[in-house]
2 protein chains.
Amino acid sequence: MNYPNGIKKQIKETPNYGNRGMTLEEDINISNDYYRDNDIAIIYKKPTPITVNKVDFHSRCDATITEAHYLTPSTTDYNGVYKGFYIDFEAKETISKTSFPLANIHTHQIEHLKRITKHGGIGFIIVSFTKLNRIFILMANDLIAFITTNNRKSIPLEYFITTGKEIPISLRPRIDYLKYISFERKENGNDTKEEKRK
Amino acid sequence: MNYPNGIKKQIKETPNYGNRGMTLEEDINISNDYYRDNDIAIIYKKPTPITVNKVDFHSRCDATITEAHYLTPSTTDYNGVYKGFYIDFEAKETISKTSFPLANIHTHQIEHLKRITKHGGIGFIIVSFTKLNRIFILMANDLIAFITTNNRKSIPLEYFITTGKEIPISLRPRIDYLKYISFERKENGNDTKEEKRK
């Protein structure tokens, strides 16, 4: 629902990034709420996949799951639509100050981002270097380019700075990542055309 | 993964629709597997949203959920990308032979489909009249048009026949719904332009 004049949101979103103890996921969810409330994009976090083993049915409409397990996600956490484009991304935090360990992303998630891009979707990852208070976006093409041309087990911060884009923390939305996605990309992977939102 | 020459799939998908006892969801999942395996589209069913109350952590990587509840979905069950378009839909079965009860779709799911369409996504519902062995696709615009111009609590079969499209059961994929989605739609909601897949 919409908040009149975004007052509630404003209170909720007063940024104090350094020590407000919010996770990247919370920040992105708030930003997605903002995108929806302001009719900019419809993007949701997918529910965590679990496998249910036992369920107690108290009544027809009240069921309690008594045994279930978390599953390894086969896709990314977030997807949705923005100006008719399919948006698909994964968001990860790292405490490292120098690089993002690739072990944080499952191989099938990278495969998924590869497929998404191939099918004309806009795929990317958002990485928060929590100790540095810096958040970056890296388009799927650049992520894949790095993995295919490197044997390294982590992506250096430098690669995010040079090839990705840093997302500044703003008031509303907290993480305005849609402003930093690249729509068109030449084969050499250098020249990108930005989508500027009015 | 891909099945060489789709042999495994072929066996899996030999259609015997009348009494093979497969649900619409199973059929759509198999069809989505086919779309992925054959590089046609990347569409997944979202995990069922639940709220976890209690978790036992046996070890760092082995956690058992011991109490959780199902949540009312705020979005639809399926979404993904097809030729760069954002695809979003809900699939429902009804045992009625004459109409589809609107109680089967949550109001916020209809609101979601409305938003999706507004943002340039392709939203629709797939309804299976199980007793008739007939499956229809109804684009979000037509669903919303019906709801806003009718006080009826159910959509008559006739409306699916005239305004929607019937999806025949085929061999591979079982339910080739992407063949029946409308891409462009005039304001009067009658004239539709089809996307033909090669």
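Residues numbered from 1 in each chain as written. Chains lettered and ligands numbered in written order. Predicted model: local features only at pLDDT ≥ 70, side-chain atom pairs only at ≥ 80, totals over all residues. Heavy atoms only, no water.

1. Quick word on the overall build of chain A
Defined as follows: Each helix is a run of H or I in the DSSP string that is no shorter than four residues. Each strand is a run of E no shorter than two, and both are numbered from the N terminus. Relative accessible area decides the class of each residue, using a 1.4 Å probe on protein chains only: under 20% of the type maximum gives buried, over 50% gives exposed, and in between gives partly exposed. Contacts are assigned to residue pairs that have any heavy atoms within 4.5 Å of one another. Shrake-Rupley sampling with a 1.4 Å probe provides the accessible areas, and residues are treated as covered by the protein chains on show and by no other component.
Looking only at helices and strands, chain A features five helices and 12 strands. Taken across its 198 residues, chain A has 46% of its residues classed as buried. Look at the contacts in chain A between residues 6 or more apart in sequence, and 61% of them connect residues 24 or more apart. Only carbon and sulfur atoms are counted for the fraction: they give 51% of the accessible area of chain A, which is about 10,100 Å².

2. Quick look at the interface of chain A and chain B
Spelled out, the test is: Once two parts are put together, the accessible area they lose, assessed with a 1.4 Å probe and summed over both, is termed the buried area. Should a side-chain nitrogen of Lys or Arg be within 4 Å of a carboxyl oxygen of Asp or Glu, the pair is scored as a salt bridge. Throughout this description, a polar contact denotes any pair of N or O atoms lying within 3.5 Å of each other; where both atoms belong to protein, one of them has to be capable of donating a hydrogen while the other can accept it, and for residues adjacent in sequence the pair is counted only when both atoms sit in side chains. Classification used: nonpolar for Ala, Val, Leu, Ile, Met, Phe, Trp, Tyr, Cys and Pro, charged for Asp, Glu, Lys and Arg, polar for all others including Gly. By definition, two strands form a pair when at least two bridges between them are found by DSSP.
On the side of chain B, 37 residues touch chain A, which itself brings 38 residues to the contact. Summed over both sides, the interface between chain A and chain B buries roughly 2,900 Å², with carbon and sulfur atoms accounting for 61% of that surface. Among the residues chain A hides against chain B, the three largest losses belong to I65, Y70 and H119 of chain A. Together they make up 21% of the total. The interface formed by chain A and chain B includes two salt bridges. Taken together, the links from chain A to chain B amount to 11 residue pairs in polar contact (both at pLDDT 80 or more). Mapped onto the side of chain A that touches chain B, the elements with two or more residues apiece are β1 (42-45), β2 (50-59), β3 (62-70), β4 (78-82), β5 (85-94) and α3 (107-118) of chain A. For the side of chain A that touches chain B, the leading source of residues is β3 of chain A, giving nine residues. In the side of chain A that touches chain B, the residues fall into 17 nonpolar, 13 polar and eight charged. For β3 of chain A and strand β3 (residues 62-70) of chain B, the ladder comprises four bridges, and the chain directions are antiparallel. Following the sheet pairing, A68 of chain A is matched in β3 of chain B by I65 of chain B.

3. Some details on the pattern of salt bridges
Residue and element names in this part refer to chain A. One pass over the structure, following the stated rule, counts 18 salt bridges over all chains. Close ionic contact of D33 with R36 constitutes a salt bridge, the shortest N to O distance being 2.5 Å. Of this pair, D33 and R36 both sit in helix α2 (residues 24-37), three residues apart, which is roughly one turn of that helix. Overall, R36 belongs to the buried group, its relative accessible area being 16%. K114 serves as the salt-bridge partner of E111, at 3.2 Å between the closest nitrogen and oxygen. Here the residue E111 and the residue K114 both occupy positions in helix α3, the gap between them amounting to three residues, near one helical turn. In this structure E111 comes out as partly exposed when scored by relative accessible area, which is 36%.

4. A look at the relation of the copies chain A and chain B
Counted only if it meets this: The least-squares superposition of copies is restricted to C-alpha atoms, and to residues with a pLDDT of at least 70 in both copies.
Under the fitted operation, chain A is carried onto chain B by 0.0 Å of movement along the axis and a turn of 180°, and the coordinates agree to an RMSD of 0.0 Å. Between the two chains, the operation in question is that of a two-fold axis.

5. Section: the packing of aromatic side chains
All names here are of chain A. Here is the rule: Only centres within 6.5 Å qualify two rings of Phe, Tyr or Trp (six-membered ring in Trp) as a pair; their planes then separate them into stacked at under 30 degrees, edge-to-face at over 60, and tilted for everything else.
Counting across every chain of the model gives 23 aromatic pairs over all chains. When the ring of F124 is compared with that of Y177, the centres are 6.0 Å apart and the planes differ by 50°; the resulting orientation is tilted. Of this pair, F124 sits in strand β7 (residues 122-129) while Y177 is found in the loop between β10 (165-167) and β11 (182-185), placing the two residues 53 residues apart along the sequence. Residue Y177 is classed as buried on the basis of its relative accessible area of 0%.

6. Here's the deal with the packing of helix α3 (residues 107-118) of chain B against helix α4 (residues 140-149) of chain B
Residues and elements named next belong to chain B. To be explicit about the condition: Axes here refer to lines fitted to C-alpha atoms; in helices the fit is confined to the stretch in contact. Angles between the N-to-C directions go from 0 to 180 degrees. Every angle not falling under 35 degrees, over 145, or within 65 to 115 is termed oblique; those three ranges are roughly parallel, roughly antiparallel and roughly perpendicular. Whether a crossing is left-handed or right-handed is set by the direction in which the near helix is turned from the far one by less than a right angle, anticlockwise for left-handed and clockwise for right-handed.
Contact pair α3 / α4: the axes reach a minimum separation of 9 Å and the direction vectors enclose 130°. In terms of orientation, α3 lies oblique with respect to α4. Here α3 and α4 pass one another in a crossing that is left-handed. Two secondary-structure elements touch here, α3 through I110, L113, K114 and T117 and α4 through A140, N141, L143, I144 and I147. Of the residues contributing to the contact of α3 with α4, the split by class is six nonpolar, two polar and one charged.

7. Notes on the environment of T94 of chain B
Residue and element names in this part refer to chain B. Tracing the backbone shows T94 in strand β5 (residues 85-94). Here T94 falls in the buried class, since its relative accessible area comes to 6%. With residues up to four places along the chain from it excluded, the contact list for T94 reads S99, F100, P101, N104, V127, S128, F129, T130 and K131.

8. Some details on α2 of chain A
Residues and elements named next belong to chain A. Filter applied, for reference: Each residue after the first adds 1.5 Å to the expected span of a helix.
The end-to-end C-alpha distance of α2 is 20 Å, a good match for the 20 Å that 14 residues give at a rise of 1.5 Å each. Most of α2 sits out of view: 10 of its 14 residues are buried. Every buried residue belonging to α2 is among L24, D27, I28, I30, S31, N32, Y34, Y35, R36 and D37, and all of these are buried. D39, located one to two residues past α2, shows a positive phi value of around 60°.

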